[in-house]
Amino acid sequence: MTCRLWLVALALLFCSTKASAMCRTTTCDPAVSCGADPERCCQFDADGCDQNGKKIVWPSSCVSYSVGESGAPQLELTSDEFSEVLGASFGAWLDHNDCSGAPPSLVAEFYGATSCEQLEVNQGPKARNANIWFFPQPDAAAAIDSTEPSLDSSAIALATVTFDPATGEIWDIDVEIDANQISSSAEGSNGQADFQSILTHEVGHFLGLEHSRDPSAVMWPYYSAGDTSKRKITEDDTLGVCTIYPEDRDIPTDSCEPRGGYSSECGPASGCQVTLELRSQRLGPWLLLLLSYPLLVIRRRFSRG
Ligand SMILES: [Zn+2]
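Anyway, here's the lowdown on the structure attached to this text. Computed from a predicted structure; not experimentally measured. (Residues numbered from 1 in each chain as written. Predicted model: local features only at pLDDT ≥ 70, side-chain atom pairs only at ≥ 80, totals over all residues. Heavy atoms only, no water.)

**Notes on the coordination of the zinc ion**
Binding of the zinc ion to the protein goes through H201 (NE2), H205 (NE2) and H211 (NE2), at separations of 1.9 to 2.1 Å. All donors to the zinc ion come from one chain, and their sequence spacing reads H-x3-H-x5-H. One end of the pair, H201, is in helix α3 (residues 195-207); the other, H211, is in the loop between α3 and β8 (222-223), and 10 residues separate them in sequence. Across the pair, exposure class does not vary: H201 and H211 are buried alike. (Donors = N, O, S within 2.8 Å, 3.2 Å for Na, K, Ca; no water. Helix = DSSP H or I, 4+ residues; strand = E, 2+ residues; numbered from the N terminus. Buried < 20%, exposed > 50% of the residue type's maximum accessible area, 1.4 Å probe, protein only.)

Structure, rendered in structure tokens:
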């Protein structure tokens, strides 16, 4: 009998051990200590996943995205070419029946190119928004509010996530990409990064995934120049997206509209923009890998509204 109990205990132990390395992004704030604010701080488990915050998620069955109309002149990349590669990157995550025979319960719809090419979330009765993927242009940097941290020189791309801290509902995600580190050719070249691989990783963040501890996963936080294998998601990535968007989740709406409705233009310069508390999260030292680049620094925005 005792032996059988031990076997049961062992079985429970193995069954409860997470078989993957993926993590979901949560509303926790690594800058806050648990002594100061137990509700907002992060409490990481053995896999490095926060267990304290609300897990972020797009609540609808559809989400829209846009690209900046300038594309990347430095790379001679038009907005049409940009959207084509980005569409393929979304497809890598969402267009396969990977979740027990069904696709993830989220569709991503391209809403076109935006003249607005900056981080922005607007709130108010007439506020419109867009989830913008763009290459920050050097001459536009001065126009961005100086209180907003700019793309870190060591990061290839940066996703800024705005969410409701009470529920984890995602309001807006804008993604900046550093043109100086990207190769727009099919293969990464000249020590630069494969555009589609970088976008596929960023789409993982856009869907609500944190970095993974699995080096083969698309969500592994470091990238080796010229590697095109990250265009295709792995088993670990698949588990992540299917965990966030299972077929049977509660879906309150099927609207693709951004919060407040869509606009391709920037919002008013003053008056209606959300007051945001910004912070950066950097990767833990256990992820350090030589000769690789940090792919992304996730930045979370906590709405005070
Ligand atoms: Zn990343």
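**Description of α3**
Given a rise of 1.5 Å per residue, 13 residues ought to cover 18 Å, and the 18 Å separating the end C-alpha atoms of α3 matches this to within 8%. Counted residue by residue, α3 has 13 buried out of 13 residues, so it is predominantly covered. (Expected span 1.5 Å × (residues − 1).)

**A look at the environment of C242**
Tracing the backbone through its elements, the reader meets C242 in helix α4 (residues 235-244). For C242 and S105, which are 137 residues apart along the polypeptide, the C-alpha to C-alpha distance reads 8.2 Å.

**Focus on the packing of aromatic side chains**
Within the structure shown, the criterion is met by 11 aromatic pairs. A ring pair is formed by Y65 and F90, whose centres lie 4.2 Å apart and whose planes are at 20 degrees; its orientation type is stacked. Taken together, the residues span a long stretch of sequence, with Y65 in strand β1 (residues 62-68) and F90 in helix α2 (residues 79-94) at a distance of 25 residues. Since its relative accessible area comes to 3%, F90 is described here as buried. For Y65, a relative accessible area of 4% translates into the label buried. An aromatic cluster is defined as three or more aromatic residues linked by ring pairs; in this entry it consists of W58, Y65, F90, F110, W133 and F206. Cation over ring: R259 sits above W171, and NZ or CZ is 3.9 Å from the ring centre. (Phe/Tyr/Trp six-rings, centres within 6.5 Å; stacked < 30°, edge-to-face > 60°. Lys NZ or Arg CZ within 6 Å of the ring centre and 35° of its normal.)

**Quick notes on unusual backbone geometry**
Phi angles above zero are rare outside glycine, and E76 is one such case at about 55 degrees. In this fold, E76 is placed in the loop between β1 and α2. In this structure, S100 takes a positive phi of about 50 degrees despite not being glycine.

**Comments concerning α4**
Taking burial as the measure, the 10 residues of α4 include 7 buried ones, the bulk of the element. Of the residues making up α4, those classed as buried are D236, D237, T238, G240, V241, C242 and I244. Of the surrounding secondary structure, the elements contacted by the buried residues of α4 are α2 and α3. (Contact = heavy atoms within 4.5 Å.)

**Focus: the state of the cysteines**
For the coordinates displayed, the defined rule picks out 6 disulfides. Across a sulfur-sulfur distance of 1.9 Å, C23 and C49 are joined as a disulfide pair. As the torsion about the S-S bond is roughly -80 degrees, the C23-C49 disulfide counts as left-handed. With C23 in the loop between α1 (2-16) and β1 and C49 in the loop between α1 and β1, this pair connects stretches of sequence that are 26 residues apart. Residue pairing for C62: its cysteine sulfur links by disulfide to C256, the two sulfurs lying 2.0 Å apart. Taking the sign of the S-S torsion, 100 degrees for the link of C62 and C256, the bridge is right-handed. You can see C62 sitting in strand β1 and its partner C256 sitting in the loop between α4 and β9 (276-280), a full 194 residues away along the chain. Each member of the pair C62 and C256 is classed as buried. Along the protein, the cysteines engaged in disulfide bonds are linked according to the scheme 1-6, 2-5, 3-4, 7-11, 8-10, 9-12 when indexed in sequence order. (Disulfide = S-S within 2.5 Å.)

**With respect to empty space enclosed by the protein**
Over the atoms a probe the size of a water molecule is rolled, and this reveals where empty space is left. By the definition in use, this model includes 1 cavity of 30 Å³ or more. Residue lining of the largest cavity: C116, E120, N122, R128, N129, A130, I132, S263 and E265, and that is the complete set. Residue composition of the lining of the largest cavity, by class: 3 nonpolar, 3 polar and 3 charged. (1 Å grid on protein atoms, 1.4 Å probe; cavity = no way out; pocket = protein on both sides within 12 Å on 5 of 7 lines; lining within 4 Å. Points joined across faces, edges and corners; volume = space filled by probe spheres on them. Nonpolar A, V, L, I, M, F, W, Y, C, P; charged D, E, K, R; others polar.)

**With respect to the side chain of H205**
Here H205 lies in helix α3. For H205, a relative accessible area of 2% translates into the label buried. A polar contact is formed between the side chain of H205 and the side chain of H201, at a distance of 3.1 Å. (Polar contact = N/O pair within 3.5 Å; in protein donor to acceptor, adjacent residues only side chain to side chain.)

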